[in-house]
Amino acid sequence: MSFITYLINGISLGSVYSIIALGYTMVYGIAKMLNFAHGDVIMIGGYIIFTIMSTMGLNPILAVVISIILCTLLGITIEGIAYKPLRRAPSLAVLITAIGVSYLLQNIALLIFGAEAKSFTSVIPIKPISLVGGRITISGETLVTIPLCILIMTGLTIFIKKSKTGRGMIAVSEDKDAAILMGINVNKTIAITFAIGSALAAIASALMFSTYTNLSSTSGAMPGIKAFVAAVFGGIGSIPGAMIGGILLGVIEILSRAYISTQLGDAIVFLILIIVLLVKPTGILGKKIQEKV
Amino acid sequence: MKAQLVKMKSQVQKLNRSTRSNVITIGVIVIAYTICMSMIKAGNMSNLLQNLLVAMCYYAIMAVSLNLTVGILGQLSLGHAGFMCIGAFTGAFFSKIMVGTIDNVLIRFTLAILIGAAMAGLFGVLIGIVVLRLRGDYLAIVTLAFGEIIKNVLNVLYIGYDSRGIHFSVNDTASLNLEEGGMVIIKGAQGISGTPRNSTFTIGVILLILTYLVIVNLINSRSGRAIMAIRDNHIAAESIGIDITKYKILAFSISAALAGVAGVLYSHNIATVQSTKFGYNTSILILVFVVLGGMGNLRGSIIAAILLTVLPEYLRFMRDYRMLIYAIVLIVMMIFNWAPACVNWRKKHSLKGFIDNKIRKKAKEEA
């Protein structure tokens with residue numbers, strides 16, 4: 001029975017990873033850059049919810065909504081200040097800038113909130129349910145996380161396939177110059193992508209910190225990197241790929257922590273990344289991109 | 001014939017320039033070393049600064065060696081601290097086992113450095129074979145992953161030593177099954193403690209100069225030119241017959257081995273080595289040195305490493321906001337170097353542009 005509990009916990013964690021991975025995969029597909037700071041937006045989102053709830057005592061749902069709005073603004077600001085001037089720069093320069101932004105967010109949070117980890121109060125008021133005579137317990141967080149993840153995934157797929165902005169995103173990801181010729185505002189499209197990614201990061205932060213309540217300035221970095229692993233695992237640029245990759249990674253992580261070694265959980269996740277990149281660098285659902293000379 | 005002569009002349013000039021530049025760099029290091037030593041002798045140097053001298057050396061070695069990967073090979077490695085970690089642990093392990101066997105400190109420490117470098121270089125080759133098939137963002141994230149794996153594994157590893165040989169465990173000290181009189185050397189999260197403190201400023205400076213010479217000679221060799229060709233355009237490099245994988249692994253493993261040297265220096269400087277010290281943050285710190293000093297500029301790396309090690313200890317403002325400043329350095333340097341607006345501004349306001357404008361104006365007036 002404990003196996004099933006682990007499995008459910010794994011799917012729950014994996015759903016959070018997939019929501020984060022969506023932000024990575026969309027930005028990577030459209031702006032062709034690895035947004036290292038994405039994980040730290042999650043951390044900032046967590047701090048915003050924490051501050052609103054602990055100082056103003058507002059309703060958790062309202063706190064989450066405010067956090068989503070602020071994180072969206074943060075995402076757009078980061079893109080506008082740090083990444084937009086580097087649109088034509090070599091990828092090494094963009095990557096170093098992204099690392100710089102990530103480091104900046106971490107240290108701003110460290111200066112404001114201090115080094116001591118805060119304990120996050122769950123924003124989900126649902127009570128856990130017991131199945132099979134109390135041998136399996138499913139937490140309220142899990143009950144919300146998994147359906148929400150499916151909802152986001154479906155909504156995003158429909159948005160990208162059907163809406164004009166969404167189709168503009170596909171066009172920019174396939175050929176930026178051709179998209180400009182077709183009258184698509186590339187800068188605006190990229191800004192919208194960052195906005196969506198950051199809003200998703202805020203949602204993910206509410207879900208993640210409700211389950212794993214330890215909130216410190218570095219607590220966004222590791223989930224961020226793991227979500228990137230999930231995005232690579234599923235095939236970068238693909239929305240269903242991010243979901244499959246995220247859930248698989250979450251399950252693998254929880255099971256290996258439970259059955260192999262608690263301390264080596266992270267190492268095993270990274271080992272998977274390396275194996276995936278060696279065996280199938282394009283991921284499960286990724287397309288192979290031919291390099292032009 | 002004349003064309004050949006001109007070419008030869010320009011080649012000689014080029015050679016001279018690089019040799020001259022090396023002589024200047026090493027000369028400045030030696031002068032700085034002499035000044036420091038005479039200050040210590042005269043008792044003019046504060047304890048704070050004396051404690052930083054060896055740290056400056058190993059950070060400078062780390063920065064120069066990372067510059068080989070980032071600036072010369074053009075690949076971003078975020079796991080450089082992992083190689084330092086391997087060097088530190090291997091070197092400290094060797095010294096602790098051999099402390100009773102080899103009495104001569106110099107020989108023991110030299111061997112420790114060689115073994116630490118060899119081990120880090122070996123890992124560099126192994127990881128390089130895996131990693132260097134990838135490029136750009138993927139490579140960065142995989143090197144980060146390797147750095148974290150190395151850190152995590154060493155964090156749970158227990159190694160002991162007794163008359164029957166070396167024992168490994170990933171659980172605890174008891175499961176090593178040591179004989180009586182056996183010695184636990186690596187104690188999981190506690191790391192290695194009680195390493196003989198053999199690192200001195202003199203050794204650090206010698207190692208720094210050696211590192212610098214190794215990399216400069218590599219850059220100016222045939223292999224170095226191949227490596228830089230890969231950086232500038234890997235497809236063009238491949239099409240003229242450069243074995244990309246070979247040269248990438250060569251550069252990567254040399255960089256790793258030199259990071260191993262810095263690690264040995266580190267572990268023999270402070271008595272306790274823990275793997276958590278070599279995480280992502282340390283790798284970023286070294287990257288900041290390289291970026292601030294200029295990617296591909298070895299001298300710049302050394303200067304940046306020394307400045308950023310010393311300044312935070314003296315300026316209170318820098319000590320409190322150190323990490324924040326590092327982050328801003330990364331962002332601002334990249335935007336300053338690559339944003340079109342900044343590039344134009346620099347062109348307009350550079351000394352060369354100023355002189356060119358003056359000449360043009362003069363020519364106009366004369367006309």
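Residues numbered from 1 in each chain as written. Chains lettered and ligands numbered in written order. Predicted model: local features only at pLDDT ≥ 70, side-chain atom pairs only at ≥ 80, totals over all residues. Heavy atoms only, no water.

Caption draft 1: Representation of the nonpolar core. With 215 residues, the main nonpolar core has Phe36(A) and Leu76(B) as its most contacted residues. Counting residues per element, this core draws most heavily on helix 2 (residues 47-72) of chain B, which supplies 18 residues. Each of domain 1 (1-47) and domain 2 (55-214 + 245-341) of chain B gives at least three residues to this core. Non-local contacts of Leu76(B), meaning those with residues more than four positions away in its chain, are made with Leu92(A), Leu95(A), Ile96(A), Ile99(A), Val70(B), Leu139(B), Ala140(B), Thr143(B) and Leu287(B). (Core = buried A, V, L, I, M, F, W, Y, C linked by side-chain atoms within 4.5 Å. Buried < 20%, exposed > 50% of the residue type's maximum accessible area, 1.4 Å probe, protein only. Helix = DSSP H or I, 4+ residues; strand = E, 2+ residues; numbered from the N terminus. Domains from an automatic or database assignment. Contact = heavy atoms within 4.5 Å.)

Caption draft 2: Just the packing of aromatic side chains, in detail. Taken as a whole, this structure holds twelve aromatic pairs over all chains when the rule is applied. Ring plane angle 80 degrees and centroid distance 5.6 Å describe the contact between Tyr6(A) and Tyr259(A), whose orientation is recorded as edge-to-face. Of the two residues, Tyr6(A) sits in helix 1 (residues 2-31) while Tyr259(A) sits in helix 10 (residues 239-259), which places them 253 residues apart along the sequence. Pairwise contacts between aromatic rings join Tyr58(B), Tyr59(B), Tyr266(B), Phe278(B) and Phe289(B) into one cluster. (Phe/Tyr/Trp six-rings, centres within 6.5 Å; stacked < 30°, edge-to-face > 60°.)

Caption draft 3: Structural context of the interface of chain B and chain A. Listed by partner, the interface residues are 44 residues for chain B and 44 residues for chain A. Between chain B and chain A, the buried area comes to about 3800 Å², and carbon and sulfur atoms account for 79% of it. When the area that chain B buries against chain A is broken down by residue, the three leading residues are Asp137(B), Tyr138(B) and Ile141(B), summing to 17%. For the pair chain B and chain A, the interface holds zero salt bridges. At the boundary of chain B and chain A, one finds zero residue pairs in polar contact (both at pLDDT 80 or more). Secondary-structure elements contributing two or more residues to the side of chain B that touches chain A are helix 5 (136-156), helix 8 (234-239), helix 10 (280-293) and helix 13 (322-338) of chain B. Taken together, the residues of the side of chain B that touches chain A break down into 34 nonpolar, five polar and five charged. (Buried area = accessible area lost by both parts, 1.4 Å probe. Salt bridge = Lys/Arg side-chain N within 4 Å of Asp/Glu carboxyl O. Polar contact = N/O pair within 3.5 Å; in protein donor to acceptor, adjacent residues only side chain to side chain. Nonpolar A, V, L, I, M, F, W, Y, C, P; charged D, E, K, R; others polar.)

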